[in-house]
Each structure stands twice: as C-alpha cells, then as structure tokens.
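Chain by chain, the residues:
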Amino acid sequence: MPSAALERAKFLVWLAAIVAASWLSDAAWLAAGLGLVLLAAGRAVFRLTRRALLATLAFTGTVSLTYAAWFWWQQDALPLDWLVTVNLRVLLMALLTFLFIERTNLFLALGFSRRLSFLLVLAVSQSLALRRTLDEFRQGLDSRALVRVGLRDRYRAAARAAGWLFDRALANAHESARAMQSRGMFR
Amino acid sequence: MIEVAGLHHDYGGQPSLVDIAFTLAPGEKVVLLGSNGCGKSTLLKILDGLIAAKSGRVDYDGQAVSPSTLKQPDWRRRFRREVALLFQNPDVMLFNPSVYDEIAFGPRQMELDDVDARVRHWAGLVGVTEFLDRPPFTLSGGEKQRVALAALLALEPRLLLLDEPAAALDPRATGWLVDFLADLPVTLLVTTHNLGLAPELGQRALVLGEDHRLLHDGDIEPFLADTERLIAANLAHVHRHRHGGLEHRHWHGHDWQ
Ligand SMILES: Nc1ncnc2c1ncn2[C@@H]1O[C@H](COP(=O)(O)OP(=O)(O)OP(=O)(O)O)[C@@H](O)[C@H]1O
Ligand SMILES: [Mg+2]
C-alpha cells in the first residue's frame, strides 16, 4: 500500500522535473534528463517510449517540418539546435508524465487538495465512461457485420460515435459545471 | 439452440456474471429479469459473441461462440445472419446516413437482390416508413429503437436478443411491441426490469440475482408470485405510500420506472 506522503513526493518531483525541462535550453542537459528517465523506466522503457513517441509525433512532426520548410524557403541554414532541443524537450515531458502516471497512485498524490482530487475524479470517470461508450459503438458495428467491415462503414460508425460523444460531452460539461458550482467550486 | 455452461465474467476484477448455465430451445420466448447492474447486458453481449467470457462456454447449434471463433468468415456470416442483438442504447448500432440505408445494411452485405422490398416490408411492419429518408440520429429514442429493430429483422434472424426494448417506448408502442414479438416466429431472449411487462413477453423467466448468479430458471408466473424471491432479486421493494392523510408501507414491484 503506497503512502500518501510518498505519492505526494513523487508528484512534487514530477512537477519540478517538468518545470526544469521547460526551462532547460541546452540540448545536452535535456538529453541527460531523457537518459535518466529512460533508466528510471526500467523494464517498461520500450512500451513507454513507444507511447510517448506516438503521442508527440503529430505535434513535433508538424512543428519540425513547418520550421524546416520555412528556413529552407528563406535560404537560411537549418536551425538544427533549435529543432533538436524542441523535440528532446517534448519527448522528455511526455515520458516523464507517462512514467509518473504509471508509477503513482494519483488519488493519493493529489489527496492534499480537495479541488485537485475533485478534478481528478471528474477526469477519470469521464475517460472511463468515454472508453466504455467507444467499446459499445465498436460492438454495435461488430454485431451487425456479416463480413469484414469495409473502410467506409468503419469511418461512418466512427464519425457517428464522435458526433454522439460530442453532443454528450457538451451536455456533460454543462452538467458538471453546474454540479461543481452547487457544491461550492468556482467561488 | 443456445447452450450456456459455467459462464463467468468480470470487468477488472468486479464480477458481473457468476456460474451461469441454461439452454434455449428453438421457438422459446424467454424473459431475462434482473435489477440494475446484475449483468443482463453483459450476458447478451457474450451470447452474441461480442465479448469473451472469462470462463465457461456458449454454444450455438453445437458450435462455440466467442470473438475468436467468429473470426472464421463462414461461421461469422452464418452466426451474424441468424443471431441479432438489439442494444440497450440503440445509438451505438445506428451509423448509416438514412433510415433506409440502416435497414438495408444487413441485406446488402448478403448481396440479396430483394433489398428494396425487404426494407419497405420491415419498415412498414415496424412503423418507420415515414422516416426512411431521415438520418437515424435525428429520431427520438423510441423511434431509434424501432429502426434498429427493423434493421435486425431485415435479415430474418432465428434468434433475437433484445436488451430493454421497451425502455424508451410509450405505453401504446409497448403494447404494439408485445403483440409484435408474440407473433414473430423466432427464438427470443428479452431483458427487462419491468415486472408488469415480463409475463407478456415470455412464459419462461431467467432471473439474475444481485450476486450475479442465476436465481431462477423456469415458469415466470410462480416466480412473480413469490414475494420473498422478488425482494431477494431486488425486483420488488418496500416503501412508504401516502394516500391522503394515511401512510402505510407495503412491498411492490415498479411496472414503469
Ligand atoms: N464496459 C464495462 N467496463 C466495466 N464495467 C462494466 C462495463 N459494462 C458493465 N460493467 C459493469 O458490470 C456490471 C453489469 O453490467 P450490465 O450492463 O451487464 O448490467 P445490466 O443488468 O444490463 O444493468 P441495467 O439494468 O442497468 O442495464 C455492472 O456493475 C456494470 O457497472
Ligand atoms: Mg443493461
């Protein structure tokens, strides 16, 4: 059973590390930080790295490409340092966060603040409900598919699920805000 | 037709079905009763091969049903054609651009040449002809449920699994559904927690208790007359009633929730 104090300490370490990572502008230091985190991840290192890369690829990929294109168009040298630093930083932050979430009992870590705990409960329950709903939509399509479902139907079902979830999320956001207000938040 | 033995299921350690065993014979109409969260929807999804039970087996005409056996194309084609599940939330099974396409979805996969006739036939029987051109998501809950039903029936399944089909229906539509299902030449398993409706839907009841075990399998009438067991299944309860100045307590089941 992890103790609340230990979990809170992990939270503070994570917070400090995130702040540090966003201040450091020296690629060497960032790389060193990345090395430390990878070491700390132990056996989970490949799984976590893969997840962090997938999660950040869209962002860093777009940003890097846009900058590279911009500088190439300006006939300037590529700002290699800058690109390396940004990519290292984003990857480091993502890895830190994934590692933190995996190794910490968030409910204990945030237990010191009623407000943070409350937000955490909201976030977790929303994401569980979201996952359940997405499962149900997948099952709905599966149950009606006599043959392997084609791309078009998959796309339609996904779009429908997204539309449904969007409506729900809007309604839920209103409800949640009202519920939190009635319990004394936002004052 | 369906044979279930030693079925267990849990979601992340929380049991939702414990040691379930029963059989369904062709042509039977059976009601699955149970209070909220006792595992009715989970059981139907396992019977439809959508989720894999943690242990135990489900056979349909002697062949094992599970997400993995249904990867086999011939078996999938036959099973999905003959067994249909109406989800508790019909939204999750409606994704076509119009009600017409929704009902045609199954027949088109079978590459039948009477798709149009089938669509119009079942739309008429279920009473959704006037919505054929509308996108399903713009309909009301009860209308969606009927569209989903028509979409399933267009394949003329042998076994129909219905999860709370009356929950979104008004009394008139419910009366219609009861008569409609009684005349339908299919094997039927329907869930409900509406005790008033249950005996209209089938003669045999399967009752899931709050411990997620099968509490009763047999004739429905004696079960409904057994107050102790109704309370044990959390299908009836005691609460106060106020009539004018008088107040008294007695048990009862709630027909409409
Ligand atoms: N996708 C899921 N993930 C986790 N738990 C689930 C999931 N689906 C259902 N459960 C849990 O499993 C139990 C049985 O759920 P199920 O939906 O089968 O009940 P039910 O009898 O259909 O209830 P209701 O009458 O409310 O429809 C419940 O405790 C529910 O919270
Ligand atoms: Mg249910």
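Source: prediction; values computed, not measured. (Residues numbered from 1 in each chain as written. Chains lettered and ligands numbered in written order. Predicted model: local features only at pLDDT ≥ 70, side-chain atom pairs only at ≥ 80, totals over all residues. Heavy atoms only, no water.)

Helices and strands together make up the secondary structure of chain B, namely nine helices and twelve strands. For a compact globule of 257 residues, the expected C-alpha radius of gyration is about 18 Å, and chain B comes in at 19 Å, within 12% of that figure. By its C-alpha atoms, chain B is 65 × 45 × 35 Å across when sized along the principal axes. Burial analysis of chain B (257 residues in total) assigns 54% to the buried set. Residue pairs at least 24 apart in sequence account for 61% of intrachain contacts in chain B once pairs closer than 6 positions are excluded. (Helix = DSSP H or I, 4+ residues; strand = E, 2+ residues; numbered from the N terminus. Rg over C-alpha atoms; globule rule 2.2 N^0.38 Å. Buried < 20%, exposed > 50% of the residue type's maximum accessible area, 1.4 Å probe, protein only. Contact = heavy atoms within 4.5 Å.)

Right, let's get into the environment of Ala69(A). Here Ala69(A) shows up in helix α3 (residues 45–73). Taking C-alpha positions, Ala69(A) is 42 Å from His174(A), a pair spaced 105 residues apart along the chain.

On to the domain arrangement of chain A. Reports often express the size of an interface as the amount of accessible area lost when the parts come together. Entries for chain A in the domain assignment read domain 1 (4–108) and domain 2 (113–182). Here the C-alpha centroids of domain 1 of chain A and domain 2 of chain A sit 28 Å apart. (Domains from an automatic or database assignment.)

Between two packed helices, what matters for the description is the angle formed by their axes and the separation of those axes. Residue and element names in this part refer to chain A. Look at helix α2 (residues 27–41) against helix α4 (residues 80–103): their axes get within 9 Å of each other, and the N-to-C directions meet at 25°. In terms of axis orientation, α2 runs roughly parallel to α4. Relative to α4, α2 is oriented so that their crossing is left-handed. On the side of α2, the interface is formed by Ala-27, Leu-30, Ala-31, Gly-33, Leu-34, Val-37, Leu-38, Ala-40 and Ala-41, while α4 contributes Val-84, Thr-85, Leu-88, Arg-89, Leu-91, Leu-92, Leu-95, Leu-96, Leu-99 and Arg-103. (Axes fitted to C-alpha atoms, helices over the stretch in contact; angles between N-to-C directions. Parallel < 35°, antiparallel > 145°, perpendicular 65-115°, else oblique. Left-handed = near helix turned anticlockwise from the far one by under 90°.)

This part takes up unusual backbone geometry. Residues and elements named next belong to chain B. Notably, Asp-19 is not glycine yet its phi reads approximately 50°, a positive angle. Following the sequence through the fold, Asp-19 ends up in strand β2 (residues 14–24). Phi at Asp-61 takes a positive value of approximately 45°, unusual for a residue other than glycine. Positionally, Asp-61 belongs in the loop between β4 (55–60) and β5 (63–64).

Around ligand 1, the structure places 13 residues, and the nearest of them are Gly37(B), Lys40(B), Ser41(B), Thr42(B) and Gln88(B). Chain contributions to the surroundings of ligand 1 come from chains A and B. Between ligand 1 and the protein, one listed contact pairs an oxygen atom with a side-chain N or O atom of Thr42(B) at 2.5 Å. In isolation ligand 1 offers 640 Å² of accessible surface; the protein chains occlude 70% of this area. (Near = heavy atom within 4 Å. Polar contact = N/O pair within 3.5 Å; in protein donor to acceptor, adjacent residues only side chain to side chain. Areas by Shrake-Rupley, 256 points an atom, 1.4 Å probe, with all protein chains shown as cover.)

It is worth spelling out the packing of aromatic side chains at this point. All names here are of chain A. With the rule as written, the count across this model stands at ten aromatic pairs over all chains. Joined through ring pairs, the aromatic side chains of Phe-11, Trp-14, Phe-100 and Phe-112 make up one cluster. Between Arg-51 and the ring centre of Phe-98, over which it is positioned, the NZ or CZ distance is 5.4 Å. (Phe/Tyr/Trp six-rings, centres within 6.5 Å; stacked < 30°, edge-to-face > 60°. Lys NZ or Arg CZ within 6 Å of the ring centre and 35° of its normal.)

So, about the sheet that holds strand β6 (residues 83–86) of chain B. All names here are of chain B. Strand order in the open sheet formed by six strands is β6-β7-β8-β3-β9-β10, with mixed pairing between adjacent strands. The open sheet has two free edges, formed respectively by β6 and β10 (214–219), since each of these has just one partner strand. Adjacent strand axes in the sheet meet at a mean angle of 15° when their direction is disregarded. Contacting β6 and β7 (159–163), helix α2 (residues 73–82) runs over the sheet at an angle of about 55° to β6. (Pairing = 2+ DSSP bridges.)

Counting residues at the interface gives 24 residues for chain B, matched by 16 residues for chain A. Taken together, the two surfaces of chain B and chain A that pack against each other cover about 2,200 Å², and 55% of this comes from carbon and sulfur. Area buried by chain B at its contact with chain A is led by Val92(B), Phe95(B) and Gln109(B), which between them contribute 28% of it. There are four salt bridges connecting chain B and chain A. At the boundary of chain B and chain A, one finds eleven residue pairs in polar contact (both at pLDDT 80 or more). (Buried area = accessible area lost by both parts, 1.4 Å probe. Salt bridge = Lys/Arg side-chain N within 4 Å of Asp/Glu carboxyl O.)

Of all eleven residues in helix α3 (residues 99–109) of chain B, ten are buried; the element is thus mostly enclosed. Those residues of α3(B) that sit buried are Val99(B), Tyr100(B), Asp101(B), Glu102(B), Ile103(B), Ala104(B), Phe105(B), Gly106(B), Pro107(B) and Gln109(B). Tucked into the core, α3(B) has its buried residues touching α6 (114–144) and α7 (151–182) of chain A together with α2, α4 (115–126) and α5 (141–153) of chain B. Glu111(B), located one to two residues past α3(B), shows a positive phi value of around 55°.

Turning to the sheet that holds strand β1 (residues 2–11) of chain B, a few remarks are in order. All names here are of chain B. Across the sheet, four strands lie side by side as β2-β1-β4-β5; this open sheet has antiparallel pairing. Strands with a single pairing partner mark the edges of an open sheet, and in this sheet they are β2 and β5. Pairing of β1 with β4, which is carried by five bridges, proceeds in the antiparallel orientation. Within β4, the residue paired with Glu-3 across the bridge is Asp-59. Sitting on the sheet, helix α1 (residues 40–47) is in contact with β1, β2 and β4, with an inclination near 125° to β1.

A word on a nonpolar patch on the surface. A grouping of Trp70(A), Trp72(A) and Trp73(A) is seen on the molecular surface, where their side chains present a nonpolar patch of about 490 Å² in accessible area. Locating Trp70(A) in the fold gives a position in helix α3. (Patch = residues over 30% accessible without salt bridge, like charges linked within 9 Å, V, L, I, M, F, W, Y side chains within 5 Å.)

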